[in-house]
Amino acid sequence: MRRALFAATAFLALAPIGLTALAAEDTPETPYVDDRSSADAVVRSLYSAINRHEFARAWGYFGDTKPAKDFDSFVKGYDGTDKVEVETGAVSNEGAAGSIFYNVPVAIRATDKSGGEKVFAGCYTLRQVNAQIQAAPPFDPIHIEKGALKPSTADFEEALPPSCGDGPPPPRKDMALEKAKKAFLATYGDQCDKQFLADEPEVFSIKYKDKNAQPGDPDKETRLFHFSCSAAAYNENSVYYMTDELSAVQQLQFAEPETDIRYENNDSDGKLLSVTVIGFHTTGWATNSDYDPDAHTITTFNKWRGIGDASDSGTYLFRNGDFSLVQYDVDASYDGEENPQTVVDYNTAP
């Protein structure tokens with residue numbers, strides 16, 4: 001049997017940061033992740049527990065060999081720690097005598113309360129005891145046997161070891177996607193429905209010619225990332241990020257008209273008299289949205305009530321590297337029918 005074991009404990013390298021637990025109210029809530037379905041999921045669950053200051057849960061991801069001499073020492077190792085980010089790589093495994101041992105490449109970025117950052121990298125070894133041979137409780141799930149993380153001079157995004165033991169090198173990372181996911185979680189991690197936070201976004205590649213392109217110039221590319229955020233009874237809200245080779249990831253903003261809506265006798269159930277555009281504003285939210293890769297448009301449809309007889313909707317066209325509002329419709333009559341009127345129209349010639 002061959003397996004990679006490491007002399008230092010997983011948290012030995014963190015001790016020099018000199019880091020105690022913050023009160024829960026001092027930091028934004030990190031999503032709760034408790035997943036023992038795979039070795040890398042256990043490692044990510046460990047750092048979810050650490051970031052949420054749930055140190056008893058973190059301690060429980062280890063087997064008989066613990067990461068510190070006792071639980072108090074383990075907790076004290078995180079004195080002053082604000083957060084710890086983690087990346088995992090391609091997992092290798094080997095079976096032996098009723099168990100499977102997994103080797104997981106790991107990189108972490110530890111940020112202390114003053115904002116100082118340190119990067120560590122190395123490998124974790126985890127063990128899964130065959131469930132069929134565990135005849136009596138307590139059940140022994142996949143757990144961390146040990147690990148070794150050492151300080152790294154590389155940037156966090158480049159610090160992940162290519163492999164542990166004989167494991168395959170990790171696939172090349174989509175850095176634009178990773179930046180978009182990080183921006184989404186940083187901005188909306190405490191606003192979106194929890195079931196959406198772990199979902200992968202829809203990703204689109206938009207190829208186009210710059211308006212100033214010369215004959216023979218190559219196409220440019222914009223990446224579009226669609227994140228679902230929340231769902232109510234009849235409206236689902238999303239946010240979009242986009243990037244290209246020249247700019248950082250940025251959230252897409254949608255122009256919307258402000259309207260003055262008049263009803264007979266000021267009764268919204270009565271006759272609709274007029275809908276007048278009185279200005280414009282922008283929003284980062286897209287309601288019941290969809291991207292059409294053939295038309296290069298994002299459409300939105302916001303129901304004002306469940307039957308959809310009153311609503312507003314927008315069409316945003318991609319051109320020359322950005323999305324622009326080209327049509328906006330408003331259905332302000334609560335009459336049981338869908339009869340919108342166009343209040344913004346840049347699709348039709350005057």
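The sections below set out a description of the structure shown in this document. All values reported here derive from a predicted model rather than from experimental measurement. (Residues numbered from 1 in each chain as written. Predicted model: local features only at pLDDT ≥ 70, side-chain atom pairs only at ≥ 80, totals over all residues. Heavy atoms only, no water.)

What follows concerns the side chain of Ser289. As for its position among the elements, Ser289 is in the loop between strand E12 (286-287) and strand E13 (290-292). One polar contact links Ser289 to Tyr240, side chain to side chain, over a distance of 2.8 Å. (Helix = DSSP H or I, 4+ residues; strand = E, 2+ residues; numbered from the N terminus. Polar contact = N/O pair within 3.5 Å; in protein donor to acceptor, adjacent residues only side chain to side chain.)

This next bit is on unusual backbone geometry. Of all residues except glycine, most have a negative phi; of all peptide bonds, most are trans. Across the junction of Pro137 and Pro138, the peptide omega takes the value 5°, indicating a cis bond. In this model, Asn288 sits at a positive phi of 45°, which is unusual for a non-glycine residue. Summarising the element assignment, Asn288 is placed in the loop between E12 and E13. A positive phi angle is found at His296, which is not glycine, with a value near 60°. One can find His296 in the loop between E13 and strand E14 (297-303). With a relative accessible area of 24%, His296 lands in the partly exposed category. (Buried < 20%, exposed > 50% of the residue type's maximum accessible area, 1.4 Å probe, protein only.)

Here strand E6 (residues 202-208) pairs with strand E7 (residues 220-231) via seven bridges, running antiparallel. Bridge pairing in E7 links Lys207 to Glu221. Remark: four residues form the turn of the hairpin made by E7 and strand E8 (residues 236-244), two consecutive strands paired antiparallel. (Pairing = 2+ DSSP bridges.)

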